[in-house]
Structures are given as C-alpha cells and as structure tokens.
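# Structure at a glance
Chain by chain, the residues:
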Amino acid sequence: MKIAVVRFPGSNCDQDCLRALTDGLGVKAEYVWHKETSIAGFDAVILPGGFSYGDYLRCGAIAAFSPVMQSVIKAANSGMPVFGICNGFQILCETGLLRGALIRNRSLLFLCQPVCLKLENNRTPFTRLSDEGAIFRMPIAHGEGAYYADEQTLEELEEGGQVVFRYVNEDGQPTSEANPNGSRNNIAGICNPAGNVLGLMPHPDRSWDHRLGSEDGLQLFKSLVETLLSVAA
Amino acid sequence: MTPIITPELVRQHGLSEEEFERIKALLGREPNFTELGVFSVMWSEHCSYKNTRRELRKFPTTGSRVLVKAGEENAGVIDIGDGWAVAFKMESHNHPSAVEPFQGAATGVGGIIRDIFTMGARPVFLMNSLRFGPIHGDNDAARKNRKLVRGVVAGIAHYGNCIGVPTIGGEISFDDSYNGNPLVNVLCLGVLKKAEIARGAASGVGNAVFYVGSETGRDGLAGAAFASRDLTEESKADRPAVQVGDPFRGKLLLEACLELLQSGAVAGIQDMGAAGLTCSTCETASRGGTGVQIDLALVPKRETGMSPYEILLSESQERMLIIVRSGEEERVKEVFEKWDLPYAKVGIVTEDGFMRVLNDGSAEVEIPAKQLADDAPVYEREVAIPAAPETIAVSDLAFHDPKDSLIKLLAHPTVASKNWVFRQYDHTVRAGAVVPPGSDAAVFYVREADKFLAATTDCNHLYCRLDPREGAKIAVAEAARNLTCSGAIPLAVTDNLNFGNPYRPENFWQLREAVEGLAEACRRFETPVTGGNVSLYNESPQGTIDPTPTVGMIGLIEDERWTTRQYFQIQGDVIFLIGGVGDEIGGSLYLKTIYGKKAGLPPRLNFDRELAVQKFLRGLIRKGVVKSAHDCSEGGLAVALAECCMSGAEKIGAQIRLSGMSGSSSLANQRLDVSLFNESQSRIVVSVPSQESELVHQDAAQAGIELIRLGSVGGSELTIESSDGTLSWPLDQLHEAWYSSIALALSQQDL
Amino acid sequence: MVSAVKLEVVVMPKRNVLDPQGVAVRNAVRELGLSNVGTVRVGKIIEIEFTGEPDEAKLDEICRDLLSNQVIEDYRILGAVLK
Amino acid sequence: MVSAVKLEVVVMPKRNVLDPQGVAVRNAVRELGLSNVGTVRVGKIIEIEFTGEPDEAKLDEICRDLLSNQVIEDYRILGAVLK
Ligand SMILES: Nc1ncnc2c1ncn2[C@@H]1O[C@H](COP(=O)(O)OP(=O)(O)O)[C@@H](O)[C@H]1O
Ligand SMILES: [Mg+2]
C-alpha cells in the first residue's frame, strides 16, 4: 500500500501530510510531482495545503489544470480515495470533483486558529473509524475558506449526506459564532456522492501528534489506511 | 546618455567629498556614473555600517556553540547538538514599510528568509517585532497608524503564509514616537546539518557565476541608499524604491536552492538583497579573495532598455547569485528547470580581485572587489549626553483607583491581546508550534532534528529612551527571562538596532549606550550576538523615534516535559511571586498610560539577581513542579496576574493576598498602585501544585531567592486583597478590555 | 509586423453570492462621506495582450474554465483594441 | 424617482511594477493553448451603484486613497452609466 502526496509549486503542507502518514502511522507515502501524468502504483491521493501556483487568480484554479490532476480526476472517478486538505479542497472544487467553491473569509482576514468540528458522515474511507457526532479539534489556516454553494446544491449535499464535517462550538452546536469564516451551513468539509473524494478546510496534518495539542487529525489518516488495508485483504 | 559626474551628483548619491576622493584614490581615476552608483550603495550605511561598525565590534561574538560568527556570512549559525545547527537573524524593513506598508513588510520577510536559506538552512519559523504610533483616536495620525498596522500585518502574513514558514511570535507596541516611522523587524530561523553550512564566497577561479530567480526590473532602485536617509515628505517621491514581493517565486527559489545545495554543485551562494547584483558580486568576491566578472547582456530582465546603472542597482526580489563548481553546470539547469525558474550563467570567478561588469563587450565597472565591499570609510561619530530625564516622586502623583488602572492598562494596545495580529499569521504550518503565540516565548518542535526551540523578541523603548544603556540590558534580560519561563536555556542573540540619524550627537550617544548595554548583558547571560541589523535615520518630521535595540533570542528546551506556558492551568495551584514586589515606577507603562508621563528613572537591572532568579526557575521547572510561569513586564505584577488568568484557552481566576505576605520586605509603607504596577525587574509569577509548595520554599531559601506566596488559582475573578481593602475584577471584564482592544481600533474605516 | 491585440476580461461575483469585500468597501465608502452608495461589488479585471489575433473559441473556454469560476462568478470580455 | 448611477473603478498595477499574479496567469493561459499571449496584468474592478449623482471630488479621493494604492497602482473610472 502506498499513498501519494501531490506537490504543486507552492504546496507547503506536503511535508506535514507526508509525515503524518510516515511518522504518525508508519505507512508508505511518497511525493508526486505536479508534472507527472500518471499516479499508477498509488492507492490513494492526498492533495496538501499551501498556495499552489501562488493561489494567484483564484485559490486552486491553476493547479486544477496541472498534468497530475488530470490523472487524479480519472482515478477519483474510478473510486480511488482522494483527500484534499485546505488548498487541496480548493483544488478539488476547481476541478469539479467536489461541488461549490471556497470564497474569502467573511472577516476578509486570513485566520489561523483552532476550531471544533462535528463529524456528520462516517461512511467515507476517511471517517469510518469515528462515530457520527464525534467532535474533532484541529486548526484552520486560510484566507479563503468560506464554503459556498447555491441553495439547490446545498440541499442536495445535505440530503445526500455529503456534508462530512461542520464547524461547531464546544457543545457540538453549529452556531454562527462557531463558524470562523462564513461558510454556508457551517460546512467545513464535503465529499462526492460516492464518498471517495473528501475536501476539508481544517488541517488534520497539523493535529496528529500530541505535541501539537491535538491528535484528532490522525484519526482521518488512520481510517484511510484501514480502508486501504481492508480493500487489499 | 550617461550623466557627467558633478559634485551635485555625488551629493545626491549620499557620498561626501572625502568619500569621493577616497573612491578616486582607490580607482586611480574618476568613477563613471555606473560606478558612482555602485559605490553609493555599497558605502551606504545599510551595506557598510560606516557609522556603527566600531560600535558593533563591542558585542561578544564567540561561544562554544557558535559555528558561524556575526558578520562572517549572511547569518550566524549555532550548534544545537546531535549534528544539528540553526541559522537565524533579524532584519528591518522600516522605511519601505512607512512608504508602502504591505509590500514593504512583505519584502522584509522575503529578504530575511533568503538570508537564512543562503546558509543552507531550511527556514522553520519567523518572528516579528513591530512598533507603531497610537491607533486609538479620531485624528489624522491615528488614522495613518491604523493603515500602517493593517498593511504591515497583512504584508507579513501574505509573504510568510504563502511561503509556508510559520510566524510563531513576536511583539508589537505603540507609542507617539513612532508616528510616521513604524518599525518592522523580522526574524527568521532555519535548521541545517552542522556539516552542511553553505558559504557566500566566490571560490574557485574559473567557476561559473549563475544568476537564478526572478528577472531584474526597475523596482526597488537603490533601496539601500533610501534606507540610509531620513524619512521626509520627499520620501514619497522615492516611491519607485518600493519593491513588490512574490512569495510564490520565493517558495520556488527556496526549494530549488536547497535542492541544488544538496547536490554538492554549489561552491558559493549569496542572496541579492539590498543593492542586488552589485552587493552580491563584490561580497562573494571579497569573501573568496577572488574577482567576479559578469556580463549584463546575460542577466535575465523583466523590462527592456535598462541601463547598466539600473540593472546593477535594482532590488528586484527573489534573486540569488550562485557560484557553481566547474563541471556541475548541468545540475543548475536540471534543478531550476524543474522548478520553472529563470537561471543564467552570467559570468565567472576570476583571480584578479576585480568586480568587473561587461556591457556591450567593454568593462562598464571595474573596481577592486575587496576594497569596495570592505573598505568603506569607518567613522567615529560625535556624541552628546542629553539632559537626565525628569524624576518622579510618587507623592506628586494623584492616587488613581487601581481597579480602573488595571482595565486601562489591559486595554492599552501594547499590553492588550495580540490575537488580531497573530491569527492572521499561519503559525501552525510545518506542524511544530508547540507553544503558539500568546505565551512568554514561542516554542517550536523542529521535527527533523528532534529539538525543541524557544524564541522571543523583546525591547522596552520607554526604558531605552530614559536610559538606553539600562534599557538595552533589560531587553536582553527580559528575552532570557521569557525563554526561561518557557523552560528553555538561552543560547544566542540577534539584534536590530533601530535609532535616529547618527549625525545628531544625542542619537549617536543613545546608540553607543545601547550597544554597550547589550554587549554587557550578552556577556553576562552567555548569549553571544550572532548577527543582526542596524536601521538608522528613523525619524519623521515630528522627531526621532525612541531608541529601540530589539533583541531576538533563541533557546533550547532539552526535555519536552519542561515546556512551560504562561497561563494558570489548574484550580487550587499555589501562586508564587519570585523576586519580590518591587517599587520602581520610572519608565513604567503605568506612568505613561495613567499620568501621561514618559519619565523617571527606569528600573535597574541587577545581573546577579536576574541570573539567580532564572537559574532558580529553570531548576524548579526541571523538577517538574511548575505548572505556569510568566514574568512581570509592562504593567507590572497586576497585569502579569491578569494575563496568567486569561491568556490560555480557558479563563481561570486567582485569589491574591498582598497584605501580611510572608517574605515581602518593602511593602509596608508602599502605595498600592506602586506595588501593583511597578516594573522592577527579575520577577516571575509561577503556579505550582499545593503539595509542592514546601519544596519551592526550601529551594528558594537555599538559593537565596526572595519568594512570596501570593495566593491560589481558581474562581471566575481576579481578587487582590491588601491592607487597603479588596479589589476584585470579574474575568469577563478583564477579558473584554484586553482581548478586543486592538481589533476594535483597527476595524474602523480610515482614509 | 504582427499587430497586437489587447483584451480585458472582467470577472464579477454573481449577484446571489455574498461578496464580503464589496460589503466592506461599501461600508467604508459610506463612512468616508459618500452616503448615497448602494451595492458595491468587487471583481477582477485581466488585461491580456496578444501578438496577432487570439483564438476566440479557445479564449472563451479559458475565460469560462480558468479565469472565472462559474459557481460564483460571471465574466465578460471588454472589446478588443487593435494597436 | 431618483436616478441611479453605476460606476466602475478599474485599479491596475503600474506598468513598471512587478505583477506576479499576471505572470502566473500568463503562464497558465499559455499552457492551456493560447500560445500567442504576451503580457498579462491582473487588476481589480469595483462596481459602485449610487442613488443620485456621486460627489465627484469625494469619489476621486476615495479612489486614490481607499480603492487604490498609488504607490503601485493606477486607477481609472469607467464612464457613468445612467440607469
Ligand atoms: N507582532 C506579533 N507577531 C506575532 N505574535 C505576537 C506579536 N506581538 C505579540 N505577539 C505574541 O503575543 C504574546 C504577548 O506578547 P507580549 O505582550 O509582547 O509578551 P511579553 O511581554 O511576554 O514579551 C506573545 O506570545 C507574542 O509572541
Ligand atoms: Mg514576558
């Protein structure tokens, strides 16, 4: 089993993601350069955070057209688990693998702070080890992380169980104060209808080690690895 | 057509008549226009330290951990053990930020990051030390200051966040003296293997000289000369001197350079910062004891029709000069094409010692490199001792209700929570911020080296204004104290000397006093100065800034378990004050905030006491009994206690009894406000589990440390009982004053 | 010599998408004394120079897929200026 | 009824100032098949609606000091459109 961590020019959480897998879980993970045209040999793909192509024009817009993404799109459509974190989530929206878009935080400021998340769907490869309703603590760090989709799309996402994580307060309530950036329906992460593609604004790659104040993020990588192992078995 | 060299033109280049004579003697002829430009930037204060070099020699620069000394290379390097080392340095971008806060601050970050990876180190964190004029109020100055703060913070965030280097701490304070002349000092630290330190020398005659990174444009023309003058209204006309940063290119350049360095192809590497191509060519040649010849036709350019003068003096960002071992040129091509960055072989290392620049086949510039880089004139400036500051007698100060004073101090933006600032900085990238911003020092886990580093920046400008020598000593002591409070042993220092025009004798006196104070303190704390920066001419039409010798200090936490935070943790823990109640209110923020006075004799630093207090605390921390430690700084004991109650994720109260305290020596006849808000040094508030308090008492007695049991942690109020009665503040009230003060001021709309 | 063409592509947030930047600018502008300001929207303008004629079909595709995001934005091309 | 006026303020990076965003977009556009693209510059466009006439002097001040940064940007106002 081998997991790909894609490196775009401007990725800066590539190392954090790789280490979460290698140091945190002892599994095999390798960088894949954005100019690669194939991801053959990998069982899952992580699109890390950062500022791919400087996030110029729009976050994730230019990365969506990179050679490697064309093969990631194909793999995702045939069921391979693909996990986009922060900038990776933005890229997934730009490619159309996930619906909606991520726009400027309502405060117009970049925000780096811890948040609470509630798990709403444990039927994805990334969340199967946790109970629905579980609260996760992780940091966010983004300037354009407000999830937007039109009414109809939102309804379909909600009904289809595609909202995977929501910003909540300590008591698990999705209040407006608990919403750091103005995301619609407090959405922090969504998946595609099949569940194999997940996008998440907060950073599990920065909350996998006790030294960082939270190990909650590790749970997502663990789930992914378990899923891959169970498929292989 | 190139201009004719006239005395007027020489003056415009900031060169004196004597300096011009020296240039002629050195060349044996008149310089041409391009050469005049080259000398003007290299002999500017910014590049040559001509007015401060003598002073800087006073710093202690050696120590068992020092691998690269101050001034040898782009940044100092110290040993952190197990084959690992760190390179770190602080740099200012004050003037560019005054003119264009966003880009000025952003390019400051880019510049210091390049200094660090030039050493072969991977940048792992950033800190920043900022000074602005007041931001509260409905007047032009406040409006302008708010714009500056927003722009500078956003600019630092823009560059640091995008390039993926966490900004894990710093300081920011506010005072009239910085109206129109903000200070923007940025520190970067990188980690490297001891055996892999890169050098900025053009070694190996015949080796190729490569230019890599962004194309050269007309931006930032002669920024070094610009930084070496007063800020006047005309500075606005200097605006083309402002550069635009491209953190995306910066990130690619960082990765490409580190990759190339790993390949072993690099004989020397130097960033193009101030004075760009000029500085990098003559400095590498000077360090290598060689010459460098480049051809301008080969330099990648962004614009057409640039003159040799413009190309050589441009300060376009994100560029490096690399000396490549012969036979290894292909590696450069491979790496830089992979990262989609421009690169070009622009010249070779020669043996004749000249910096030679070819243009259209002939030598446009031909200057002995060593003399150009190292033989700038060195001056001893005149000093004048200013009048002693106004003295303050407590009895002359009308008593002000301490209950209200504490709220006012907490809401003063210098004390108030800096969350509006540091939430805009990505401090969690690279997954290492063990203690994020909001505690005495930041603690960062360097995963590749398995080391815990602590870092802080400090400088109290009020003290430095009233007594620059004492103020500078205290800056070092406070930095060390902040590191000690976080569980670290202090290792080394970088400094940024921010002062006014050195040609004014009072200013130069301040600088000299401060340097001597820093030097003495660094000796006492055994923290050598490994590098730094000087920023002079920090003046605006309203006057000179308060002298601000900012200290950046790095420490090592040898065991993860010793990491300590400033805020109270557990109900029922006992609170101690190490170091006594104190009584010095001169230079305090209390005097300034409540009485509008920047006056009095600032607190005295007693080195022996300070060292003993810090040693005692480190000992306690190592025994595992300390749950929190926070030093008393601006606002004194009361502010420190309030911060202990509310700077953590959860607020937690404290019950304090000042009356009948055991061990308090000086309290009996002291006014309550003096006890609460004085800023006497060497004092630390700690909390420990109650069953350990006996041990703490014993250790203190043994070490001869003054120790006062203040009370205990718990409740939803901060209560201070004294012989004058009981003061009590609901935590919510303290929190409200403290938490949003800066955000509220800055959310106003300003033109 | 080949003629040069300069185009401008204007990309605006869709009407129903919240535009926090527009709201902030409106509030600021009002506070600064232009009280009769209604809606403000902040978009992007991309100025592109071509040597020779641009391929129009391709250009449209690029405007739709790269320069704008149809979920949240609309675009229009400001007339070609021949130089 | 008061007439409504709609203005557009275009803010562009100055010619000799580095526009990293423009460079990134140019590279992307070329990759996507518009090979004859020269310089690309990315600016902002701010669409402002007024009820009644805007105060022109004030508007200019706001364009200069709030909407643009004169150190590195120029602005122009696209003609008022009366509705
Ligand atoms: N400009 C800044 N950038 C990042 N963090 C900052 C900045 N200013 C202050 N902080 C953080 O806020 C906290 C409080 O700062 P300060 O009041 O200066 O502390 P101290 O008095 O202990 O030096 C520290 O953790 C510091 O790192
Ligand atoms: Mg402190």
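In this report, we go over the structure that sits alongside the text. (Residues numbered from 1 in each chain as written. Chains lettered and ligands numbered in written order. Predicted model: local features only at pLDDT ≥ 70, side-chain atom pairs only at ≥ 80, totals over all residues. Heavy atoms only, no water.)

What follows deals with the side chain of B:Gln510. Residues and elements named next belong to chain B. Among the structural elements, Gln-510 can be located in helix 19 (residues 505–525). For Gln-510, a relative accessible area of 13% gives the class buried. Residues within four places of Gln-510 in sequence aside, it is in contact with Pro-468, Phe-499 and Pro-547. (Helix = DSSP H or I, 4+ residues; strand = E, 2+ residues; numbered from the N terminus. Buried < 20%, exposed > 50% of the residue type's maximum accessible area, 1.4 Å probe, protein only. Contact = heavy atoms within 4.5 Å.)

Turning to the coordination of the magnesium ion (ligand 2), a few remarks are in order. Residue and element names in this part refer to chain B. The magnesium ion (ligand 2) binds to the protein through Asp-440 (OD), Asn-482 (OD1) and Asp-631 (OD), with metal-donor distances spanning 2.2 to 2.3 Å. One chain supplies every donor to the magnesium ion (ligand 2), and in sequence these donors are spaced D-x41-N-x148-D. Placement of the pair is Asn-482 in helix 18 (residues 468–485) and Asp-631 in strand 23 (residues 628–631), with a sequence separation of 149 residues. The burial state of Asn-482 is the same as that of Asp-631; both residues are buried. (Donors = N, O, S within 2.8 Å, 3.2 Å for Na, K, Ca; no water.)

Bringing the interface of chain B and chain A into the picture now. Listed per partner, the contact involves 32 residues of chain B and 31 residues of chain A. Counting each side, the surface lost to burial between chain B and chain A is near 2500 Å², with a carbon and sulfur contribution of 55%. At the boundary of chain B and chain A, one finds four salt bridges. Mapped by element, the contributors of at least two residues to the side of chain B that touches chain A are helix 8 (140–163), helix 10 (247–263), helix 13 (329–338) and strand 14 (433–435) of chain B. In terms of residues, the side of chain B that touches chain A owes the most to one element, helix 10 of chain B, which gives five residues. The residue makeup of the side of chain B that touches chain A, split by class, is 14 nonpolar, six polar and twelve charged. (Buried area = accessible area lost by both parts, 1.4 Å probe. Salt bridge = Lys/Arg side-chain N within 4 Å of Asp/Glu carboxyl O. Nonpolar A, V, L, I, M, F, W, Y, C, P; charged D, E, K, R; others polar.)

Residue and element names in this part refer to chain B. Pairing within the open sheet is mixed, and its seven strands lie in the order 23-25-22-26-24-27-28. Only two strands of the sheet have a single partner each, and these edge strands are strand 23 and strand 28 (725–730). Taking each pair of neighbouring strands and ignoring which way they run, the sheet shows an average axis angle of 20 degrees. Of the strand pairs in this sheet, strand 24 (residues 654–657) and strand 27 (residues 717–722) are connected by four bridges, and their pairing is parallel. Considered in strand 27, the bridge of Gln-655 is made with Thr-719. (Pairing = 2+ DSSP bridges. Axes fitted to C-alpha atoms, helices over the stretch in contact; angles between N-to-C directions.)

Our next topic: the pairing of strand 12 (residues 354–359) of chain B. Residue and element names in this part refer to chain B. Sheet analysis places strand 9 (residues 291–295) next to strand 12, joined by four bridges and oriented parallel. For Gln-293, the partnering residue across the bridge sits in strand 12 and is Arg-356. Sheet topology note: the strand 12/strand 13 (residues 362–368) ladder contains six bridges and is antiparallel. Bridge assignment links Leu-358 to a residue of strand 13, and that residue is Ala-363. Linking two consecutive strands that pair antiparallel, namely strand 12 and strand 13, is a turn of two residues; a positive phi of about 50 degrees is found at Asp-360 within it.

Looking now at the pattern of salt bridges. Counting across every chain of the model gives 82 salt bridges over all chains. One salt bridge connects B:Lys651 with B:Asp732, and the closest N-O pair in it is separated by 3.2 Å. Of this pair, B:Lys651 sits in the loop between helix 22 (636–646) and strand 24 while B:Asp732 sits in helix 25 (residues 731–739), and the two are 81 residues apart along the sequence. Judged by relative accessible area, which is 54%, B:Asp732 ranks as exposed. Here C:Asp65 ties to C:Arg64 by a salt bridge, and the two come within 3.5 Å at their closest N and O atoms. Using a relative accessible area of 40% as the deciding quantity, one classes C:Arg64 as partly exposed. Look at the salt bridges and you will find they share partners, linking B:Glu55, B:Lys58, B:Arg469, B:Glu513 and B:Glu516 into a network.

The next point concerns the packing of helix 1 (residues 14–25) of chain A against helix 5 (residues 218–232) of chain A. Helix packing geometry: the angle between the two helix axes and the distance between the axes. Residues and elements named next belong to chain A. At a minimum axis separation of 10 Å, helix 1 and helix 5 run at an interaxial angle of 80 degrees. Classified by the interaxial angle, the pair formed by helix 1 and helix 5 is roughly perpendicular. On the side of helix 1, the interface is formed by Ala-20, Leu-21, Gly-24 and Leu-25, while helix 5 contributes Leu-218, Phe-221, Lys-222 and Val-225. (Parallel < 35°, antiparallel > 145°, perpendicular 65-115°, else oblique.)

Here we come to the relation of the copies chain D and chain C. The operation relating chain D to chain C is a screw motion whose rotation component is 180 degrees, with 0.1 Å of axial translation and a residual RMSD of 0.3 Å. The transformation relating the two chain copies, once decomposed into turn and shift, fits a two-fold axis. Judged by C-alpha distance, D:Lys44 is the residue of chain D that lies nearest the rotation axis, at 2.3 Å. Both copies share a contact surface, since 100% of the interface residues of chain D are interface residues in chain C too. (Least-squares fit on C-alpha atoms with pLDDT ≥ 70 in both.)

Attention now goes to helix 8 of chain B. Residue and element names in this part refer to chain B. Helix length check: helix 8, at 24 residues, gives a terminal C-alpha distance of 35 Å against a target of 34 Å (1.5 Å per residue), a fit within 8%. With a side-chain oxygen positioned 3.2 Å from the backbone nitrogen of Ala-141, the residue opening helix 8 is Asn-139. Phi turns positive one or two residues past the end of helix 8, at Gly-164, with a value near 80 degrees. (Expected span 1.5 Å × (residues − 1). Polar contact = N/O pair within 3.5 Å; in protein donor to acceptor, adjacent residues only side chain to side chain.)

Taken together, the contact between chain D and chain C spans 36 residues of the former and 37 residues of the latter. Summed over both partners, the interface of chain D with chain C comes to about 2900 Å²; 60% of that surface belongs to carbon and sulfur atoms. Where chain D packs against chain C, one counts six salt bridges. Ionic pairing is found between C:Arg76 and D:Glu8, a salt bridge with its closest N-O pair at 2.9 Å. No other element matches the 15 residues that strand 2 (residues 37–51) of chain D contributes to the side of chain D that touches chain C. Along the lines of polarity and charge, the residues of the side of chain D that touches chain C split into 19 nonpolar, seven polar and ten charged. As defined by bridge partners, strand 2 (residues 37–51) of chain C adjoins strand 2 of chain D across eleven bridges and the pair is classed as antiparallel. Along strand 2 of chain D, the bridge assignment pairs C:Phe50 with D:Val37.

All names here are of chain B. Around ligand 1, a shell composed of 18 residues is seen, among which Asn-128, Gly-170, Gly-438, Ser-439 and Asp-440 lie nearest. In the model, an oxygen atom of ligand 1 is placed 3.2 Å from a nitrogen or oxygen of the Ser-633 side chain. Coverage of ligand 1 by the protein amounts to 91% of the 560 Å² it exposes when considered alone. Of all elements in the fold, only strand 4 (122–132), strand 5 (167–174), helix 16 (419–422) and helix 18 reach the threshold of two or more residues within the shell around ligand 1. It is strand 5 that provides the largest number of residues to the shell around ligand 1, a total of four residues. Split by residue class, the shell around ligand 1 holds six nonpolar, seven polar and five charged. (Near = heavy atom within 4 Å. Areas by Shrake-Rupley, 256 points an atom, 1.4 Å probe, with all protein chains shown as cover.)

Moving on, we come to the sheet that holds strand 17 (residues 489–498) of chain B. Strands pair in a sheet through their backbones, by hydrogen bonds, and they do so in one of two ways: parallel or antiparallel. All names here are of chain B. Sheet architecture is open: six strands sit in the order 14-15-16-21-17-18, paired in mixed fashion. In the strand order of this sheet, the two ends are held by strand 14 and strand 18 (529–535), each with one partner. Adjacent strand axes in the sheet meet at a mean angle of 25 degrees when their direction is disregarded. Where strand 17 and strand 21 (residues 548–557) come together, nine bridges link them in antiparallel fashion. Following the sheet pairing, Ala-492 is matched in strand 21 by Ile-554. In the packing of helix 18 onto the sheet, the strands contacted are strand 16 (451–458), strand 17 and strand 21, and the crossing angle to strand 21 comes to about 25 degrees.

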